[in-house]
Amino acid sequence: MGYPATRAPRTDTPTDAVRLVIILLFVNLALAVAFAGLTLLFRESVLDYQLAARAPDGQSREQLALTLWTRPIPILLVGAGYLWIARRLRQGRRGAYLRVRMLSLLGLVAVAYLILSGEYPAWLRVVQGVQLLLLAVLVVAVNRRPMRAAFARSSQVRSSETARRAGGRRAALTLALVAPVVAELTLGTVPLTMIWLVLLYVPMYGAGVLLVRELVRATGGGWPSVLLMGLVYGLVEEGLALQSLTSPHLYGAAGWAPRLLGVNTAYTELNLPYHVLFSVVIPIALVELLFPELGQRPYLGRGGMAGVGVVALLGTGLIRILIPPSADPGYVLPLPALAVILALVGGLTFVALRVLPAKQLPSAKPLPVVRTDSATPAPGVVGVCCALTAFGFMALLFPFGGARQPAFTQGLWVLAPMLAAAVLGVGAALVLRRWSARDGWGDRHRLAAAGGAVLAHTAFGVVANAETTPDRVSLIAMGVLTAVLLTLLGRRLKAIRE
């Protein structure tokens, strides 16, 4: 009596799994091209729909048409990227596999957002729905066992890699959270009762500042490069995303002082240095002091840096579509101002990442033990000086009580506090630079400088931003908590040096 032969279960080979992922990539690209083509072919119908849907935003038909005509550009760039990724997938490159995992997930989220936003007519959303389904299949395909096995690391390499990057990832996450807390929460622009709004700032502040730090450290740059990239960050957020540097209406900034060449002078003088210090330099300094064993090495690899860049770009776009259309409807950054800002961003970035960096990356080893020289001020003195400078600089430029110009000035006399603020800021920077060049300068001095500035700007928030008693009490509590955390970090640094 014979028995039927048992049939071996079918298993996908790595080659089959990779081929399926590549096919899904290019089918998704073809669908994106078809969607862009349909929007251009039926652009009048699409524009009529968008014009009706976006009437409250004040966007004109010409602006919406420009968006439609520029849509093929990113699709062509994505297509070129797909060709490169497909070739590297066939070569068995793990980096390409990780990029496909990230891109498929980001694409799924982006298409889902477009469908939910109702930006396109229902018949085009059907096409988007098909693309969403295809991306979901791609996410599943790229995470199946054959793909994971084909691009897996050996256990020895994996454990070594994990040990090397675990600290960097924790530091990167810490910086992404610290940046919006220092820049917004400790100033009182976001009341503690609405602390959840900080999450909206994480993609731009957190990812943006982390990207700045990674770019500078990866190219061997020091603090001068961080300062310049902080200025780049401020130009991108205030100039491009919010358009607040030139808007005649947003935040009432045009009434702070006389405008010059369409620029809100006092607002620009206050906010660009603010972003340099409180959005970029101070968060980076605090996190590097918190993780001294990592020194000034990059926290992330190239793939992580690319992912952070995508999140920062999306965060900038999120700020752009959420705030200006509702707070300043109808205003569009003039082309000359756009050209100047882009030129400044490009030029400063080139200087920061190519001209200033040293030839070799700094060592990640802790700094050697040093004895405080008598000519070097004590950390407490440094902290007090930085606190007075920060409070004085903001007080000279910020209009209290809703005044259109600082309360103690009128007309062109507003230029007096602006000049005083510039002298105060430049003078403090020169003094701090001289102190930091002395042998006795160390991590505790850096912590005192950063901590003094943060506590002072929290005190300024109590005076200038808090509008109710609960807001003032919560901001004071935030300042006390910040002081406690800074003290604990100072004790830790002292123990390390001893």
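Worth saying up front: this structure is predicted, and the values here are computed from it rather than measured.

### Comments concerning the overall build of the protein chain
Okay, step 1: Counting its secondary structure elements, the protein chain contains 18 helices and 0 strands.
Okay, step 2: Among the 498 residues that make up the protein chain, the fraction classed as buried is 42%.
Okay, step 3: In the protein chain, the share of contacts with a sequence separation of at least 24, taken over all contacts with a separation of at least 6, comes to 79%.

### Observations concerning the packing of helix H9 (residues 198-218) against helix H11 (residues 265-290)
Okay, step 1: Contact geometry for H9 and H11: axes closest at 10 Å, N-to-C directions at 65°. As summarised for this structure, H9 and H11 are arranged roughly perpendicular, according to the angle between their axes. In this structure, H9 meets H11 at a crossing whose hand is right-handed. Across the interface between the two elements, Tyr205, Val209, Val212, Arg213 and Arg217 of H9 pack against His275, Ser279, Val280, Ile284 and Glu288 of H11.

### Side note on the pattern of salt bridges
Okay, step 1: Applying the stated criterion to the full structure yields 4 salt bridges.
Okay, step 2: Among the salt bridges present, the one from Glu214 reaches Arg213, with a minimum N-O distance of 3.1 Å.
Okay, step 3: The exposure class assigned to Arg213 is buried, which follows from its relative accessible area of 1%.
Okay, step 4: As a salt-bridge pair, Asp443 and Arg446 come within 2.7 Å of each other at their nearest N and O atoms. Taken as a pair, Asp443 and Arg446 lie in helix H17 (residues 443-464) at a separation of 3 residues, close to a single helical turn.

### With respect to the nonpolar core
Okay, step 1: With 74 residues, the main nonpolar core has Ile282 and Tyr299 as its most contacted residues.
Okay, step 2: The biggest single contributor to this core is H11, with 14 residues.
Okay, step 3: Setting aside chain neighbours within four positions, we find Tyr299 in contact with Gly168, Arg169, Ala171, Ala172, Leu210, Arg213, Glu214, Val287, Glu288 and Leu294.
Okay, step 4: Leu25, Leu89, Leu135 and Phe151 belong to the second-largest nonpolar core, a separate cluster that totals 22 residues.

### Some points on helix H10 (residues 223-241)
Working note: α-helix, 3.6 residues per turn, so residues spaced by three or four point in the same direction.
Okay, step 1: Taking 1.5 Å of rise per residue, 19 residues should cover 27 Å, and H10 covers 25 Å from first to last C-alpha, within 8% of that figure.
Okay, step 2: The set of residues buried in H10 consists of Ser225, Val226, Met229, Gly230, Val232, Tyr233, Gly234, Leu235, Glu237, Glu238, Gly239 and Ala241.
Okay, step 3: On its buried face, H10 is in contact with H9, H11, helix H12 (302-322), helix H13 (324-327) and helix H14 (335-355).
Okay, step 4: Of the residues flanking the end of H10, it is Gln243, one or two places downstream, whose phi is positive at about 60°.

### A look at the confidence of the model for the protein chain
Okay, step 1: Of the residues in the protein chain, 80% have a pLDDT of 70 or more, and the chain-wide mean is 79.
Okay, step 2: Low pLDDT (under 50) marks residues 359-373, which in the prediction has 20 contacts with non-local residues, meaning those over four places away or in another chain.
Okay, step 3: Counting interchain partners and residues more than four positions distant, the pLDDT-below-50 stretch residues 400-409 has 23 contacts.

### A look at the packing of H11 against H17
Okay, step 1: Running from N to C, H11 and H17 point in directions that differ by 135°, and their axes come no closer than 10 Å. As summarised for this structure, H11 and H17 are arranged oblique, according to the angle between their axes. You can see that H11 and H17 cross each other, and the crossing is left-handed. Contact with H11, carried on its side by Tyr274, Phe278, Ile282, Leu286 and Leu289, involves Asp443, Arg446, Leu447, Ala450, Ala453, Val454 and His457 of H17 and no other residues of that element.
Okay, step 2: For the contact of H11 with H17, the per-class residue count stands at 9 nonpolar, 1 polar and 2 charged.

### Here we look at the packing of aromatic side chains
Okay, step 1: Overall, the coordinates contain 7 aromatic pairs when judged by the stated rule.
Okay, step 2: With a centroid separation of 5.0 Å and an interplanar angle of 0°, the aromatic rings of Tyr97 and Phe151 are classed as stacked. Placement of the pair is Tyr97 in helix H5 (residues 94-117) and Phe151 in the loop between helix H7 (145-150) and helix H8 (155-183), with a sequence separation of 54 residues. We note that Tyr97, like Phe151, is buried.
Okay, step 3: By the ring-pair criterion, three or more aromatic residues cluster together here, those being Phe391, Phe398 and Phe460.
Okay, step 4: The ring of Tyr299 carries Arg213 above its face, with NZ or CZ at 3.6 Å from the centroid.
Okay, step 5: One cation-aromatic arrangement involves Arg217 over Trp223; the distance from NZ or CZ to the ring centre is 4.9 Å.

### Some points on unusual backbone geometry
Okay, step 1: For Tyr251, which is not glycine, the phi dihedral falls at a positive 60°.
Okay, step 2: Here Tyr251 shows up in the loop between H10 and H11.
Okay, step 3: In this structure, Leu261 is a non-glycine residue whose phi angle is positive, near 55°.
Okay, step 4: With respect to the helices and strands, the residue Leu261 is situated in the loop between H10 and H11.

Conventions adopted
- Residues numbered from 1 in each chain as written.
- Predicted model: local features only at pLDDT ≥ 70, side-chain atom pairs only at ≥ 80, totals over all residues.
- Heavy atoms only, no water.
- Helix = DSSP H or I, 4+ residues; strand = E, 2+ residues; numbered from the N terminus.
- Buried < 20%, exposed > 50% of the residue type's maximum accessible area, 1.4 Å probe, protein only.
- Contact = heavy atoms within 4.5 Å.
- Axes fitted to C-alpha atoms, helices over the stretch in contact; angles between N-to-C directions.
- Parallel < 35°, antiparallel > 145°, perpendicular 65-115°, else oblique.
- Left-handed = near helix turned anticlockwise from the far one by under 90°.
- Salt bridge = Lys/Arg side-chain N within 4 Å of Asp/Glu carboxyl O.
- Core = buried A, V, L, I, M, F, W, Y, C linked by side-chain atoms within 4.5 Å.
- Expected span 1.5 Å × (residues − 1).
- pLDDT = per-residue confidence, 0-100.
- Nonpolar A, V, L, I, M, F, W, Y, C, P; charged D, E, K, R; others polar.
- Phe/Tyr/Trp six-rings, centres within 6.5 Å; stacked < 30°, edge-to-face > 60°.
- Lys NZ or Arg CZ within 6 Å of the ring centre and 35° of its normal.

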